[in-house]
Amino acid sequence: MTDTVNIQPGRSRLRAAFGYEERSAMIFLAPVMLVLMLVAVFPILYSLYLSFFRIKLTRPNRTPFVWLDNYTDLFGNELFWTSVARTVVFSVVSVSAIAVIALLVSLLLNQDFRFRRVLSTIILVPWAIPYVANALMWKWIYDSGYGALNGLLFQLDFISRYMVFLGDQNKTIYLIANAFVWKEVPLATILLLVSLKAIPSDLYAAARVDGATVWSRFVHVTLPAMKPGFLLVMIYETMMAIRHFDLFFILTEGGPGDASHVLSWHIYVETFRNLSFGSGAAMSYVLALVTFALSYIFIRTLGRRV
Amino acid sequence: MARIRFNNVEKKYANGFHAVQNLTLDIQDKEFLVLLGPSGCGKSTTLNMIAGLEDVSGGALLFDDELVNYTPPHKRDVAMVFQSYALYPHKSVFDNIAFGLQMRKVDRAEIDKRVREAAEKLEITHLLDRRPSQLSGGQRQRVALGRAMVREPSVFLMDEPLSNLDAALRISMRAEIKELHQSMQTTFVYVTHDQAEALTLADRIVVMKDGVVKQVGTPDDIYERPENTFVASFLGSPPINYIDGTLKFAGGGAQFLHEALALDLPEAITAKLSGQDGRKVRLGIRAEDVDEAAAGGPGATIHGKVNSVLPVGSDQFLGFDFYGNELFFRVGKDLAHKVGDDVSLSVDLNRLHLFDKDSGASLLW
Ligand SMILES: Nc1ncnc2c1ncn2[C@@H]1O[C@H](COP(=O)(O)OP(=O)(O)OP(=O)(O)O)[C@@H](O)[C@H]1O
Ligand SMILES: [Mg+2]
């Protein structure tokens, strides 16, 4: 009798483990998962695999397996550490500026005033501009020969002759950060505005009756309610800043000297200029892990009591 | 000590809407005053003006004879309980209750003492470390009350504080609020659209409609002696019944006449109607002011055909179709009636209400 019961043991075990809905879900999700495997999971694993080899396209036939050498070499490389430092400066400056400006703009847009709608629309414009177009625009603004910034400062008599802004080692990274901030503020503003709009007006009324000043109301009602929005902005913008490439590529190519030689630029140079795919892949892995670790820290610290 | 006076107060919102019109009202110290009225009549607006959350657009608002039109909320010594409770979501229950004291720089030991006292009174001591999101509706309500209590304000404002609770809890909280008023010995202004709440809690009720006060009086005044049809209709369940007819004086007495109904008005009522012979009036009979058992005389009986029977637990409501008027009466539930039965009910003549047919103003009060 027993041998007739388990004709298809595998199938019945599947049935036991998953209900009808789960099983149909698997079937419907399978095509998408397959595509995702091909375009995302495979490249991720393949680049991990590559990072264990010494691959130089100038020596296509000699690609020895070097285990973790690419990683250890990396940490001994002075330029790598320079690029890490540049990335940290760029990210910290950009993300703080984005957070502060977006906070102020969202507070402004949350007020009722006459041209609020028009202003909201205008403020969204940079968001709609692609990164490359944004970079080209700022290249023109900062241009030393016919740039808008030079023109403006000159006509206002702040400078007596045109300057090579991006040629200044000490300022380049901040000027690039400025261009990045300009592009990122709209989205950050929207994210914060959403949490502002969700605050019930009764809370402010209660706080007023409780004797809270404008500042106390901001600290005790507004800020706590914005915490989830802030968390999102910090994580998202940090990730964007750490990995940002377009502005460095178009404005300075890492220069002058190594003044804007950030990690993403370092990876690009290593991979596509030195044609060293193995160590490029290794660096990309480091960058990915750092990004992941940072967002984890953010969620743990900021997100604790959200 | 707080006596609140409205002198011809107006409220116009920025969009031009006239939410409160010419409000003149005197709220006594330690009084429990209830603002009652349908949705949108301006109750919250009035309360918010007392709190200082809304500006007064015209007239004078006085606390103890001192003009407070331009005094900000925190200088008015008022505490408020909101319909939504408005608890600070990220603060613990303790900090929610303590916040008003912290803002007033009361010292820590004192805050701690007052918060714990209030929590004990409200039986929420075990919840002090929780956050509002971890509380039930009834518990949140208590926290909101606690937050107002610890301030020991001279005016206690509440905007429909019970409307988000279930029916049983609402009734037990009514009793607690009444107790709270007795123990706090301060002025309470309480907004509700629930007549039962108003009748139970109030020392005096203000009935409002479309921004205008329709009557001010004790619960007894409001229920027994409504000054107009709006107030008469707003209180009572099922609502008061109206029959239009004329007054006729004959012999020493007066009668209410309708094509199928003649009621002999008692002396007490007739006395107030001199010179009103032939006047078109609207008769009001409260649903409970009839009796089936007692045999009324010919001048005290209403006949009709039952067209609905609605049992409501303790009693039942009988619906009549009476010459185009839909009447509802409350009778004992042991009376077995079916739809289609002819029924005679004797009317309690001393409790009749008479209103002017056109203006709706009472002819009696
Ligand atoms: N900020 C505002 N701007 C314009 N009109 C308003 C504003 N607030 C309230 N109103 C209007 O004023 C009227 C009275 O509002 P209020 O909130 O006082 O009513 P309420 O009696 O408390 O009603 P409810 O029982 O529904 O709470 C309503 O018609 C409302 O639409
Ligand atoms: Mg209201």
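Residues numbered from 1 in each chain as written. Chains lettered and ligands numbered in written order. Predicted model: local features only at pLDDT ≥ 70, side-chain atom pairs only at ≥ 80, totals over all residues. Heavy atoms only, no water.

Where an unreviewed UniProt entry is consulted, chain B appears under the name sn-glycerol-3-phosphate ABC transporter ATP-binding protein UgpC, with the organism given as Antarcticimicrobium sediminis. Turning to chain B, the UniProt annotation filed under Sequence similarities (unreviewed entry) states: "Belongs to the ABC transporter superfamily." (UniProt positions renumbered as here; feature names shortened; annotations may be inferred.)

Residues and elements named next belong to chain B. Read across the sheet, 5 strands follow the order 15-19-16-17-18 without closing on themselves; strand pairing throughout is antiparallel. One side of each edge strand has no neighbouring strand; the edge strands of this open sheet are strand 15 (290-291) and strand 18 (325-332). Pairing of strand 15 with strand 19 (residues 342-347) involves 2 bridges; the strand directions are antiparallel. Note on strand 19: the bridge partner recorded for Asp291 is Ser346. (Pairing = 2+ DSSP bridges. Helix = DSSP H or I, 4+ residues; strand = E, 2+ residues; numbered from the N terminus.)

Let us now look at the domain arrangement of chain B. When the parts of a complex come together, some accessible area is lost, and that lost area is often taken as the interface size. Residue and element names in this part refer to chain B. One can read the domain layout of chain B as domain 1 (4-234) and domain 2 (241-356). Put simply, the middle of domain 1 and the middle of domain 2, counted by C-alpha atoms, are 39 Å apart. Listed by partner, the interface residues are 8 residues for domain 1 and 7 residues for domain 2. Together domain 1 and domain 2 conceal approximately 680 Å² of surface at their shared face, both sides included; 46% is due to carbon and sulfur atoms. Among the residues of domain 1 in contact with domain 2, Tyr223, Glu224 and Thr229 are the three that bury the most area, contributing 63% of the side total. Linking domain 1 to domain 2 there are 1 salt bridge. Among the salt bridges present, the one from Arg351 reaches Glu224, with a minimum N-O distance of 3.0 Å. For the pair domain 1 and domain 2, the number of links is 6 residue pairs in polar contact (both at pLDDT 80 or more). Looking at the side of domain 1 that touches domain 2, the elements that each hand over two or more residues are helix 7 (219-224) and helix 8 (229-234). (Domains from an automatic or database assignment. Contact = heavy atoms within 4.5 Å. Buried area = accessible area lost by both parts, 1.4 Å probe. Salt bridge = Lys/Arg side-chain N within 4 Å of Asp/Glu carboxyl O. Polar contact = N/O pair within 3.5 Å; in protein donor to acceptor, adjacent residues only side chain to side chain.)

Moving on to the domain arrangement of chain A. Residue and element names in this part refer to chain A. Domain boundaries assigned for chain A yield domain 1 (2-50) and domain 2 (69-305). Of note, the centres of domain 1 and domain 2, computed from C-alpha atoms alone, are 40 Å apart. In this assembly, 5 residues from domain 1 lie in contact with 5 residues from domain 2. Summing both sides of the interface, domain 1 and domain 2 together bury roughly 360 Å²; the carbon and sulfur share of this comes to 62%. Among the residues of domain 1 in contact with domain 2, Ser47, Leu48 and Leu50 are the three that bury the most area, contributing 89% of the side total. On inspection of domain 1 and its partner domain 2, the count reaches 1 residue pair in polar contact (both at pLDDT 80 or more). In terms of residue class, the side of domain 1 that touches domain 2 is built from 4 nonpolar, 1 polar and no charged. (Nonpolar A, V, L, I, M, F, W, Y, C, P; charged D, E, K, R; others polar.)

Let us now look at the pattern of salt bridges. Residue and element names in this part refer to chain B. Inspection of the entire model under this criterion finds 26 salt bridges over all chains. For Asp29, the salt bridge identified is with Lys30, shortest N-O distance 3.2 Å. For Arg279, the salt bridge identified is with Asp356, shortest N-O distance 2.6 Å. One end of the pair, Arg279, is in the loop between helix 9 (267-270) and strand 14 (280-285); the other, Asp356, is in strand 20 (residues 353-356), with 77 residues separating them in the sequence. Judged by its relative accessible area of 27%, Arg279 falls in the partly exposed class. Members of the salt-bridge network, linked through shared partners, are Arg3, Arg5, Asp26 and Asp65. (Buried < 20%, exposed > 50% of the residue type's maximum accessible area, 1.4 Å probe, protein only.)

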